[in-house]
Amino acid sequence: MRGRGFRSVLVTLVAGSLALAGVAVSADSAAPVGPPTSTGTGGAAATVERLATQAAIATLRKGGNAIDATVTAAAVLGVTEPFSCGVGGGGFMVVYQAPLRPRGRPHVFTLDSRERAPAAMRPDSFMEGGRPLVFNDARYSGLSVGVPGTVRGWSEALRRYGSKRVTLAQALAPAIAIARSGFEVDQTFFDQISDNRDYFDDVPASAALYLDADGTPRDVGTTFRNPELAQTYELIARGGANAFYTGDLANAIVQTVTAPSIAPSANHRWRPGVMAASDLAAYVAPQRAPTRVRYRGADVFGMGPPSSGGSTVGEALNILEGYTLSGMTREAALHLYLEASRYSFADRGAYLGDPDFVKVPLRGLLSKGFAQTRRALIGERAVPGSVPPGDPAPFSGGVTANGEASITSTRAGTTTHLTVSDKQGNVATYTFTIESTGGSGLVVPGRGFLLNNELTDFNFDSVTHPNRVEGNKRPRSSMAPTIVLRGGKPLLALGSPGGSTIITTVLQILVDRLDLGTPLPQALANPRATQRNGRTTTAEPAFIASPEALALTGRGHAFVSTPEVGAATGMEFLGGGRVVVAAEPARRGGGSALVVKP
Ligand code: GLY
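Residues numbered from 1 in each chain as written. Predicted model: local features only at pLDDT ≥ 70, side-chain atom pairs only at ≥ 80, totals over all residues. Heavy atoms only, no water.

Draft legend 1. Inspection of the pattern of salt bridges at higher detail. Summed over all chains, the structure comprises 26 salt bridges. Between Glu339 and Arg342 there is a salt bridge, with the nearest N and O atoms lying 3.0 Å from each other. One end of the pair is Glu339 and the other is Arg342, both in helix 14 (residues 330–351) and 3 residues apart, which spans about a single turn. Given a relative accessible area of 1%, Glu339 falls into the buried group. Residue class for Arg342 comes out buried when judged on its relative accessible area of 1%. Three or more residues joined by partner-sharing salt bridges are found here, namely Asp112, Arg288, Asp356 and Arg474. (Salt bridge = Lys/Arg side-chain N within 4 Å of Asp/Glu carboxyl O. Helix = DSSP H or I, 4+ residues; strand = E, 2+ residues; numbered from the N terminus. Buried < 20%, exposed > 50% of the residue type's maximum accessible area, 1.4 Å probe, protein only.)

Laid out in structure tokens, this is it:
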């Protein structure tokens, strides 16, 4: 996310590039930019970055639908947020398709463009001498790179749910123009390079893109251009997704993963991966059934396995539904939110994995009966440590699963989330990532993008866990793009980056909005705390300083400070086509939420 005061000159550029793409931009799209909240009609978009939000709004104005606008904005984010997301990674999208007829059936779909392990990966691929690699040795390597899913995902999203008025080439055009003309390096961009500098300078292609000749990050205030990424996007624009998954580009990805070009002066060992051209050629982005739980008279739809987002948010909501949170003090409600998170995370840690490889007891995990057994364990005081997983088998319709207790890593990760609606009432909510900030650290030479390190989302320290490494498997995710319907019509749509804190961020916002009556923009802005089945709860300084935190400490909660948790975007549907759309007012510099007709 960019800091404030960012690149107004580029508003004109985006307008020009959209015109090139056949998407006209009216003069007022260059009007005030970057508000964290807007209200209006005709469609809406919220992203972490104002150029991306503007590109989405311009697409909606031209008659593209929410899915067209989502892909357009995501392509821009791949240029301007290259350390969080891009064509070298993957993600998940939840889509609400408005009924075509007045009393027609609405549909909620999910699209899985999660990275997949190369076929040759094994449960012990990240182990040496019987011990798992330390995280950075696993991360900064070819081994951690999963087959990227983003490009197939964009193509599938347009094919399945797009208006057919915006082609993939048109969706990529604004991003191409920005990659060529450049944008101003701000402090966030500088800092994200700085955090990776000791590894980027080992890799000539990464150093050439992100470091100056003296080996320091691109300076704040200078213009960053990425013509090689523009060429990559142009190749995809001409040849479609297949131009990414086969041919020269696919071969370049394989070469980078299996034989990374490392400088003789490198001060780290970069382990090669095992990706083959056949892994890329075989990649598919399947449509999957959403998770669904009933909560306070609404239907909450989320992302099912291989993400743990939908099931963990859903289980926690089922636990919380047994309490009347709206009648409690905020402190009492937050205590239950934290404890429900703890028990849900214990179950997530034990049972979630790629459903193509392991039996996930999803029906049990999302059942009211199982939630009741977990709720019965929650008391007036916090549990002073982690809790074991429960047994969802009796609620799973005969599906038994081999769980293995595991503790959620405290890595927060990076990632980005965007939420878009259109005037027809369609909604898309999309989270995508390259996993850590800067991914694997490997830029594909001459192609302008970083490869992900998504395979470190496997439980790579176990050869038996449901989320162990296996060939062709997708690592468990925490991404939780979420759509809430009431009476079959959209009520809320939201999501967040933040690794495993994504789940609690989405849950806390839902509780704040649906139970405690907090307006959505305030629910996004409120200080956050995230309990993931640990002895301590990670929380933002403003949360720790709140009167509620003091009272929670009296109940046995122990807080550990972290600067920020999550960076959400979302929207609430007010009826009559009106929407309030919200991005972060402050976290990561503040996001951008706009409507077509204010
Ligand atoms: N890599 C972050 C996630 O999938 O949850």
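Draft legend 2. Region of the structure containing the sheet that holds strand 16 (residues 537–539). Spatially, the 3 strands line up as an open sheet ordered 15-16-17, and their pairing is mixed. The open sheet has two free edges, formed respectively by strand 15 (529–530) and strand 17 (559–561), since each of these has just one partner strand. Pairing geometry for strand 16 and strand 17, over 3 bridges, is parallel. Each residue of the ladder has a partner; that of Thr538, found in strand 17, is Val560. (Pairing = 2+ DSSP bridges.)

Draft legend 3. Inspection of the site of the ligand at higher detail. Looking at the ligand, the residues that line it are Arg114, Glu435, Glu454, Asp457, Ser477, Ser478 and Met479. Side-chain polar atom of Glu435 to a nitrogen atom of the ligand: 2.5 Å apart, as the coordinates give it. Calculation on the ligand without its partners gives an accessible area of 200 Å², and the protein chains cover 98% of this total. Taken together, the residues of the shell around the ligand sort by class into 1 nonpolar, 2 polar and 4 charged. (Near = heavy atom within 4 Å. Polar contact = N/O pair within 3.5 Å; in protein donor to acceptor, adjacent residues only side chain to side chain. Areas by Shrake-Rupley, 256 points an atom, 1.4 Å probe, with all protein chains shown as cover. Nonpolar A, V, L, I, M, F, W, Y, C, P; charged D, E, K, R; others polar.)

Draft legend 4. Here's a closer look at the nonpolar core. With 86 residues, the main nonpolar core has Trp154, Tyr210, Tyr233, Phe244, Ile253, Leu280 and Phe449 as its most contacted residues. In terms of residues, this core owes the most to one element, helix 3 (residues 66–80), which gives 10 residues. With residues up to four places along the chain from it excluded, the contact list for Tyr233 reads Ala75, Gly78, Val79, Val87, Trp154, Leu172, Ala175 and Ile176. One finds Leu325, Tyr343, Val387 and Ala529 within the second-largest nonpolar core, a separate group that totals 69 residues. (Core = buried A, V, L, I, M, F, W, Y, C linked by side-chain atoms within 4.5 Å. Contact = heavy atoms within 4.5 Å.)

Draft legend 5. Local environment of the packing of aromatic side chains. Summed over the entire model, instances satisfying the criterion amount to 21 aromatic pairs. Residues Phe183 and Phe224 carry aromatic rings whose centres are separated by 5.6 Å and whose planes lie at 50 degrees to one another, so their mutual orientation is tilted. Highlighted residues: Phe183 in strand 6 (residues 183–184) and Phe224 in strand 7 (residues 223–224), separated in sequence by 41 residues. Owing to a relative accessible area of 3%, Phe224 belongs among the buried residues under this scheme. When the ring of Phe189 is compared with that of Phe224, the centres are 5.0 Å apart and the planes differ by 55 degrees; the resulting orientation is tilted. One end of the pair, Phe189, is in helix 7 (residues 187–200); the other, Phe224, is in strand 7, and 35 residues separate them in sequence. Residue class for Phe189 comes out buried when judged on its relative accessible area of 1%. One aromatic cluster is present, built from ring pairs that chain together Phe83, Phe183, Phe189, Phe200, Tyr210 and Phe224. (Phe/Tyr/Trp six-rings, centres within 6.5 Å; stacked < 30°, edge-to-face > 60°.)

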